[in-house]
2 protein chains.
Amino acid sequence: MTASINDVARAAGVSASTVSRALRGRTGVSDEVRDRIAAVAAQLGYTASRSASSLASGRTFTIGVVVPYVGRWFFGTVLDAAEQVFSAAGYDVLLYNLGTPETRKRFFTKLPVRKRVDAVLSLLIPDEGESAALRSLGVPLASTVGGARPGFTVVGIDDRLGAESAVRHLVNIGHRRIGMISGSSGPLHWTTPVERRRAYLDVLAEAGIEHDPTLEADGDYTLEGGERAMTELLAASRPPTAVFAQSDEMAMGALRALRRHRLKVPDDVSVVGFDDHELADVIGLTTVAQPVAGQGAEAARLLLRQLDEPAAEHPGHVRMPIRMVLRETTAPPRPRGPQ
Amino acid sequence: MTASINDVARAAGVSASTVSRALRGRTGVSDEVRDRIAAVAAQLGYTASRSASSLASGRTFTIGVVVPYVGRWFFGTVLDAAEQVFSAAGYDVLLYNLGTPETRKRFFTKLPVRKRVDAVLSLLIPDEGESAALRSLGVPLASTVGGARPGFTVVGIDDRLGAESAVRHLVNIGHRRIGMISGSSGPLHWTTPVERRRAYLDVLAEAGIEHDPTLEADGDYTLEGGERAMTELLAASRPPTAVFAQSDEMAMGALRALRRHRLKVPDDVSVVGFDDHELADVIGLTTVAQPVAGQGAEAARLLLRQLDEPAAEHPGHVRMPIRMVLRETTAPPRPRGPQ
DNA sequence: CTGTTAGCGCATTCAG
DNA sequence: CTGAATGCGCTAACAG
């Protein structure tokens, strides 16, 4: 089949170990021999078998990346940035897309990454058991979601602060009936929606607004879910004049629902999202911007650093900055609300 | 470290080969022994090392997927669908994100997938040299983009037909000054924009409309590119009353540019896209819908089939259906055009 | 049905 | 600076 290290050794008139040393840039090979080997290898189209070198060295030069759903803009963007960092450092990426409960369960019970990767980057929040499973791999772990977790380097944002800015903005421009579309359908350990909800409740309380449970709906972090949730909210006896959606995709779903109900944004209802999706600007969506690609790149970098300097001290939790972006989907409520 | 096959063998009181056979469901192991081995393996948390088994068997149970840009909706969606098919069949996915010319070049010269994968799915169109490089791997190849290529199983759509529908729609509702935002900045072998442009020219000719080169601009298949391109078109001495964008993302960029110029869509300018992006509906974009996830899943399935039955006959080119989706960004031109 | 014997292709000792 | 030996963990023949 394809050339092996012995083929190269024979053609270059040296031993296999010399080829191995030469090609990996190890010291102890004369320049002349190194050049000759490089030339022969190139000519034969030789590439070391990753399986064989992993087996021999114990290193795989592969990073496992676990994603809840690659197709979603947020995760695709994080993955994109992380992959660039990894590949620039010579690592390959093994992708695990865990969209359904079954695939997720299978992944964590079978752990196909065992003995296959040097580190794992998780774009989903593992529960206790899943965390333990990952820790049992004995490799560096990082994550770009959720709060601090033992054994993980977590790169994230201050969800509480972000959500507070969003809701406070609505309060500041005069809204009192403020709804929320949350993304809480996941397991309990998924802290993001919990944090954002707490911020919502806090800001309402702080503004002296009584909390109305009929103003909350679950949007499942999807466009369709956001649309359904908004429809629910509109069906309330006293619908909201403003809505905080915990993600831009849900906010866009809400906008669609509003359009279907022939309600004007922001005249009838204001909408604020979270993320600063690449299309938020096209739509004119007011939102809380977070560095999505930045978090992926940073997490990847921290992971590589752990691989390079296993002994050094490594941060457990890094927080990246967020900022409020005002666009055209929010405005003061009408003198008298709809209805 | 972690348990090896010998640990399991010893604990179960059998030989390593029996463990190997038992765990892989091969025949020739008594049920009693099989159960015992399974129990011991589970208890020890044993998973076979992929490196070792690949080295011994020659199979990797890994598929290499080459993507130009994971963060883009189109590719993320294709990848998502393909990954699901692969993982359901027990294959892992090695992801190569080739966003820049450098990473792309490095990938095709070093071919890190050599000896690492059982098959390759390409979501980008390789040029002649790149195709040859992939073919040299000696594994089944598939692609979801571009036209038929030797050595590849290509799953795609009829780009010509799709583009014709889009432009014809604009002609049918009365437009005569029809611009196009293309995605042609890539290398020449990228046939998609070429096909779509030919369709554009054909439909214009068929309608007796003279082609005006100032009505064409390159949008680079990105949102920003689409915006720039639209801005260019608006600067023409006689700007278009309708625009065909070769992708929804460019169309969205065009919409943004139009908004910035305070032009109404579709009153002042009609816009039609291509893809049926998940947000096209939110925005009300008229577009040519293609089965994006469907193409990824189908390509993955065909690849697996080639792996299962290497000897059988395999299709070289599969075309999936497309359809025109009319929404709110297209309408007949004003009685007298803008200006 | 099960154990024994050989490698798979490479990295890593250890000599020289 | 270089080569020879050894083993990484597993699978695939071959015996029994």
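Rules behind the numbers
- Residues numbered from 1 in each chain as written.
- Chains lettered and ligands numbered in written order.
- Predicted model: local features only at pLDDT ≥ 70, side-chain atom pairs only at ≥ 80, totals over all residues.
- Heavy atoms only, no water.
- Core = buried A, V, L, I, M, F, W, Y, C linked by side-chain atoms within 4.5 Å.
- Buried < 20%, exposed > 50% of the residue type's maximum accessible area, 1.4 Å probe, protein only.
- Contact = heavy atoms within 4.5 Å.
- Buried area = accessible area lost by both parts, 1.4 Å probe.
- Salt bridge = Lys/Arg side-chain N within 4 Å of Asp/Glu carboxyl O.
- Polar contact = N/O pair within 3.5 Å; in protein donor to acceptor, adjacent residues only side chain to side chain.
- Helix = DSSP H or I, 4+ residues; strand = E, 2+ residues; numbered from the N terminus.
- Nonpolar A, V, L, I, M, F, W, Y, C, P; charged D, E, K, R; others polar.
- Pairing = 2+ DSSP bridges.
- Near = heavy atom within 4 Å.
- UniProt positions renumbered as here; feature names shortened; annotations may be inferred.
- Axes fitted to C-alpha atoms, helices over the stretch in contact; angles between N-to-C directions.
- Least-squares fit on C-alpha atoms with pLDDT ≥ 70 in both.
- Phe/Tyr/Trp six-rings, centres within 6.5 Å; stacked < 30°, edge-to-face > 60°.
- Lys NZ or Arg CZ within 6 Å of the ring centre and 35° of its normal.
- Domains from an automatic or database assignment.

Caption draft 1: Structural context of the nonpolar core. In this structure, A:Phe86 and B:Phe86 are the most contacted members of the largest nonpolar core, which totals 100 residues. Not counting residues up to four positions away in its chain, the partners in contact with A:Phe86 are A:Ile63, A:Val65, A:Tyr91, A:Val93, A:Leu121, A:Ala300, A:Leu303 and A:Leu304. One finds A:Leu255, A:Leu258, B:Met250 and B:Leu255 within the second-largest nonpolar core, a separate group that totals 54 residues.

Caption draft 2: How the structure looks around the interface of chain B and chain A. Contacts between the two partners involve 51 residues from chain B, matched on the other side by 51 residues from chain A. Together chain B and chain A conceal approximately 4,600 Å² of surface at their shared face, both sides included; 48% is due to carbon and sulfur atoms. Linking chain B with chain A are 8 salt bridges, by the criterion used here. With a closest N to O distance of 2.5 Å, A:Asp281 and B:Arg256 form a salt bridge. In this structure, the connection of chain B to chain A is made through 26 residue pairs in polar contact (both at pLDDT 80 or more). If you list the elements that add at least two residues to the side of chain B that touches chain A, you get α4 (50-57), α5 (73-88), β2 (92-97), α6 (101-110), α11 (248-260) and α12 (280-283) of chain B. For the side of chain B that touches chain A, the leading source of residues is α5(B), giving 8 residues. In the side of chain B that touches chain A, the residues fall into 19 nonpolar, 16 polar and 16 charged. Pairing of strand β2 (residues 92-97) of chain A with β2(B) involves 3 bridges; the strand directions are antiparallel. Paired with A:Leu95 across the strands is B:Val93, a residue of β2(B).

Caption draft 3: The arrangement of the protein's contact with DNA strand D in detail. DNA strand D sits among 26 residues. The nearest are A:Thr18, A:Ser30, B:Ile5, B:Ser20 and B:Tyr46. Atoms of DNA strand D within 4 Å of the protein belong to the sugar or the phosphate in 68% of instances, the rest to bases. Contacts to DNA strand D include A:Ser17, whose side-chain N or O atom sits 3.1 Å from a base nitrogen. Contacts to DNA strand D include B:Tyr46, whose side-chain N or O atom sits 2.6 Å from a phosphate oxygen. Of all the secondary structure elements, the ones that give two or more residues to the surface near DNA strand D are α2 (16-23) and α4 (50-57) of chain A together with α2 (16-23) and α4 of chain B. For the surface near DNA strand D, the leading source of residues is α4(B), giving 4 residues. Looking at the surface near DNA strand D, its residues break down into 10 nonpolar, 12 polar and 4 charged.

Caption draft 4: Structural view of the UniProt feature "domain: HTH lacI-type" (unreviewed entry) in chain A. Following the UniProt record, the feature "domain: HTH lacI-type" (unreviewed entry) maps to residues 3-57 of chain A here. A distance of 20 Å separates the end C-alpha atoms of residues 3-57 of chain A, which is 69% helix and 0% strand.

Caption draft 5: Structural view of the sheet that holds strand β8 (residues 242-245) of chain B. Residues and elements named next belong to chain B. The strand order β7-β6-β8-β9-β10-β12 describes an open sheet built from 6 strands, whose pairing is mixed. Edge positions in the sheet fall to β7 (216-218) and β12 (323-325), since each of these pairs with one other strand and no more. Looking at each pair of strands side by side, their axes are set apart by 20° on average, direction ignored. Pairing analysis gives 3 bridges linking β8 to strand β9 (residues 270-275), with the strands arranged parallel. From the neighbouring strand, Val243 faces β9, where its bridge partner is Val271.

Caption draft 6: Region of interest: the protein's contact with DNA strand C. The environment of DNA strand C is formed by 27 residues, the closest being A:Ile5, A:Ser20, A:Tyr46, B:Ser17 and B:Ser30. Close to the protein, within 4 Å, the atoms of DNA strand C belong to sugar or phosphate groups at a rate of 68%. At 3.2 Å, a backbone N or O of A:Ser49 approaches a phosphate oxygen of DNA strand C. Interatomic distance of 3.4 Å between a backbone N/O atom of B:Leu55 and a base oxygen of DNA strand C. Counting only elements with at least two residues in the surface near DNA strand C, the list comes to α2 and α4 of chain A together with α2 and α4 of chain B. The element contributing the most residues to the surface near DNA strand C is α4(A), with 4 residues.

Caption draft 7: A look at unusual backbone geometry. Residue A:Pro266 is bonded to the preceding A:Val265 through a cis peptide linkage, with omega at 5°. With respect to the helices, strands and loops of the structure, A:Pro266 is situated in the loop between α11 (248-260) and β9 (270-275). Within the chain, B:Lys115 stands out as a residue other than glycine whose phi angle is a positive 65°. Mapped onto the elements, B:Lys115 comes out in the loop between α6 and β3 (119-122). B:Lys115 sits in the partly exposed class, given a relative accessible area of 25%.

Caption draft 8: Seen up close, the pairing of strand β11 (residues 317-320) of chain A. Residues and elements named next belong to chain A. The alternating pattern of β11 places Val318 and Met320 on a buried face and His317 and Arg319 on a face that is not buried. As defined by bridge partners, strand β5 (residues 152-157) adjoins β11 across 4 bridges and the pair is classed as parallel. For Ile157, the partnering residue across the bridge sits in β11 and is Met320.

Caption draft 9: Broad picture of the relation of the copies chain B and chain A. Mapping chain B onto chain A calls for a rotation angle of 180° and an axial translation of 0.0 Å; the resulting RMSD is 0.1 Å. The two molecules are tied by a two-fold rotation axis, judged by turn and shift. Take the interface residues of chain B: 100% of them recur as interface residues in chain A, which is what a same-surface contact looks like.

Caption draft 10: View of the packing of aromatic side chains. This structure, assessed with the given rule, holds 9 aromatic pairs over all chains. Seen from their ring centres, A:Phe74 and A:Phe75 are 5.2 Å apart, and the 85° between their planes marks the pair as edge-to-face. The pair A:Phe74 / A:Phe75 is uniform in exposure class, with both members buried. Relative to A:Phe107, the ring of A:Tyr96 lies with its centre 5.0 Å away and its plane at 50°, an arrangement referred to as tilted. Placement of A:Tyr96 in strand β2 and of A:Phe107 in helix α6 (residues 101-110) is noted, with a sequence separation of 11 residues between them. The exposure classification of A:Tyr96 matches that of A:Phe107, with both residues buried. Three or more aromatic residues joined by ring pairs form one cluster here, namely A:Tyr96, A:Phe107 and A:Phe108. It is A:Arg196 that lies over the ring of A:Phe274; its NZ or CZ is 3.7 Å from the centre. For B:Arg149, the ring lying beneath its charged end belongs to B:Phe152, and the centroid distance is 4.9 Å.

Caption draft 11: Main features of the domain arrangement of chain A. What the domain assignment reports for chain A is domain 1 (5-48), domain 2 (58-157 + 292-308) and domain 3 (159-289). Computed from C-alpha atoms alone, the centre-to-centre distance between domain 1 of chain A and domain 3 of chain A is 61 Å.

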